[in-house]
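# Understanding the architecture of this molecule
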Amino acid sequence: RQSLDRAIEVIDMEPRVREKRGAPALVLRNRNGAKIEFDKVSFAYDADRPALRDIDLTIGVGETLALAGPTGAGKSTLAGLIPRFFDPQAGEVRIDGQPAAEVSLSSLRAQVSIVLQEPFLLPLSIAENIAFGRPDASFEDVVAAAKSANADEFIRRLPDGYETVLGERGAQLSGGQRQRISLARAITRDAPILILDEPTSAIDPETEEMILGALSRLRKGRTTLVIAHRLSTIETADRVGFLEGGRLLELGTHAELLSRKGRFAQFAGYQLRDPASRPPR
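Throughout, residues of each chain are indexed from 1 in the direction in which the sequence is written. Note on the predicted model: pLDDT of at least 70 is required for a residue's local features to be given, and 80 or more for side-chain atom pairs to be given and counted; whole-chain, interface and lining totals, by contrast, use all residues. Hydrogens and water are ignored here; the side-chain numbers use all heavy atoms of the structure.

Attention shifts here to the packing of aromatic side chains. Stacked, edge-to-face and tilted are the three classes for Phe, Tyr and Trp ring pairs, Trp counted by its six-membered ring, which pair at centre distances within 6.5 Å; planes under 30 degrees apart are stacked, over 60 edge-to-face, the rest tilted. With the rule as written, the count across this model stands at seven aromatic pairs. Residues Tyr 45 and Phe 86 carry aromatic rings whose centres are separated by 5.8 Å and whose planes lie at 75° to one another, so their mutual orientation is edge-to-face. Of this pair, Tyr 45 sits in strand β1 (residues 36–46) while Phe 86 sits in the loop between α2 (75–80) and β4 (90–95); the two residues are 41 residues apart in sequence, bridging distant segments of the chain. Owing to a relative accessible area of 31%, Tyr 45 belongs among the partly exposed residues under this scheme. Judged by relative accessible area, which is 15%, Phe 86 ranks as buried. For the ring pair Phe 242 and Phe 264, a centre distance of 6.5 Å and an interplane angle of 75° mean the geometry is edge-to-face. Of this pair, Phe 242 sits in strand β9 (residues 239–244) while Phe 264 is found in helix α11 (residues 263–273), placing the two residues 22 residues apart along the sequence. To qualify as a helix, a DSSP run of H or I must reach at least 4 residues; to qualify as a strand, a run of E must reach at least 2; elements of each kind are numbered from the N terminus. The rule is simple: take the accessible area with a 1.4 Å probe, protein chains only, and divide by the maximum for that residue type; under 20% is buried, over 50% is exposed, in between is partly exposed.

With that settled, the discussion passes to the sheet that holds β9. Strand order in this open sheet of six strands is β6-β7-β8-β3-β9-β10, and the pairing throughout is mixed. Unpaired on one side and paired on the other, β6 (112–115) and β10 (247–252) mark the two borders of the sheet. Strand-to-strand twist across the sheet, computed as the mean angle between neighbouring axes with direction ignored, equals 20°. Strand pairing is defined by DSSP finding a minimum of two bridges between the two strands. The pairing of strand β3 (residues 64–68) with strand β8 (residues 223–227) spans four bridges and is classified as parallel. For Ala 66, the partnering residue across the bridge sits in β8 and is Val 226. Helix α7 (residues 175–189) rests against β6 and β7 (193–197) of the sheet, and its axis sits at about 175° to β6. All axes are obtained by fitting lines to C-alpha atoms, using only the stretch in contact for helices, and the reported angles, taken between N-to-C directions, cover 0 to 180 degrees. Any two residues whose heavy atoms approach within 4.5 Å are treated as being in contact.

Between helix α5 (residues 139–148) and α7, whose axes approach to 8 Å, the crossing angle comes to 125°. It follows that α5 is oblique to α7 by the angle criterion. As α5 runs across α7, the sense of the crossing is right-handed. Counting all contacts with α5, which are made through Asp 141, Ala 145, Ala 146 and Ser 148, the residues of α7 involved are Ala 184, Ile 187 and Thr 188. Should an angle fall under 35 degrees it is called roughly parallel, over 145 degrees roughly antiparallel, and 65 to 115 degrees roughly perpendicular, with every other angle called oblique. Definitions for this section: a left-handed crossing has its near helix turned counterclockwise from the far helix by less than a right angle. A right-handed crossing has that turn clockwise.

Looking now at the sheet that holds β4. The strand order β2-β1-β4-β5 describes an open sheet built from four strands, whose pairing is antiparallel. Strand pairing shows two members of the sheet lacking a second neighbour, β2 (49–59) and β5 (98–99), which therefore form its edges.

A separate point is the pairing of β9. For β3 and β9, the ladder comprises four bridges, and the chain directions are parallel. Note on β9: the bridge partner recorded for Ala 68 is Phe 242. Hairpin connection of β9 to β10: two residues between the antiparallel strands, including Gly 245 at a positive phi of 60°.

General note: in soluble globular proteins, nonpolar side chains tend to be found buried as a group. Here the nonpolar core consists of buried residues drawn from Ala, Val, Leu, Ile, Met, Phe, Trp, Tyr and Cys, with membership extended through side-chain atoms lying within 4.5 Å. Among the nonpolar cores identified, the biggest contains 43 residues, and Ile 130, Ile 155, Tyr 162, Leu 183, Ile 234 and Phe 264 are the most heavily contacted of them. The residues touching Ile 130, leaving out its near neighbours within four places in the chain, are Val 142, Ala 145, Ala 146, Ile 155, Tyr 162, Ile 181, Ala 184, Arg 185 and Thr 188. With 31 residues, the next largest nonpolar core counts Phe 38, Phe 43, Phe 86 and Ile 227 among its residues.

Here's what the structure looks like:
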C-alpha cells in the first residue's frame, strides 16, 4: 500500500520543466553540431544548495569540451541543462542562438544523445537496444553502428547474435560490453549534440582503449560535452573546463591548463600519482 501511494504521488507531481504553449521547434543551422551557450547561468536544487554559480561558457559547433572537477562540482548538472532536465534559476541556455526554454521539448531532445556512466539497457534484443533511439533504423544501420562502437565482434559470438535478448540492465554482459552497446545506440541515433557522462570511469584499461576509439569516431561532426575524471578522456578534448563548487574556475586546452599550475594541474597531478583513483572531494 505504501509503495502504491508513492507511485501515485510521483505520477501526480507537477513537472519541473514546462513547455511554453505554441513553442516552435528547435532549428539547427547544420548537422555538424550546434553552438551551445551558457549565459550567466545559476542553478540550485534547493535554496541552500547552489549547484552552479554564474556560469559563462560557449561550446562551439563541432567542438569537444571536457568538464573536469571533483565530485559534486556541478558537471552533470551543467550537462542536464542542455536537454532541459531542469531549468536554471538565473541566466539562459541557448542552442544555436535559440533559448532552450523557448523551443519545444521534443525538438530539443531529438537533437541530443546521452551516454551515461552506467548504460541503460532494456530487456529487448541487442538489435532493438541499439536501434532504440531511432526506430526506423535498418539492421544494416545497427550492424554498422556496432562495428563503429567496437561491439560487432562480441555480439556475433553470443548464441543468438544480434537477436540475443538482454536480461535486466544487460546483466549477462560485462560493463565494457554494455557501454559499447550504449555507444552503438548513440551512433545510430546520430544526434548533432552529444553528452558523455563519465563513459570510461568503470571500465578496465584494456576495454577503455576500445571505447576511446569508438568515442573518437562518435564525436566527429558533433558538438560534444564530456564529463570525465580520467585523463585519457580529457586529453583528447579540444578544450577543458574545470568546475569546483559550482563555479567555472579554469577554461582552456589541456596543455594550457597544465601550464597554469592551477586547480586543474593539481587534479591531473593527483591522477598521475594514482591513475586508478579519483580526485578527492
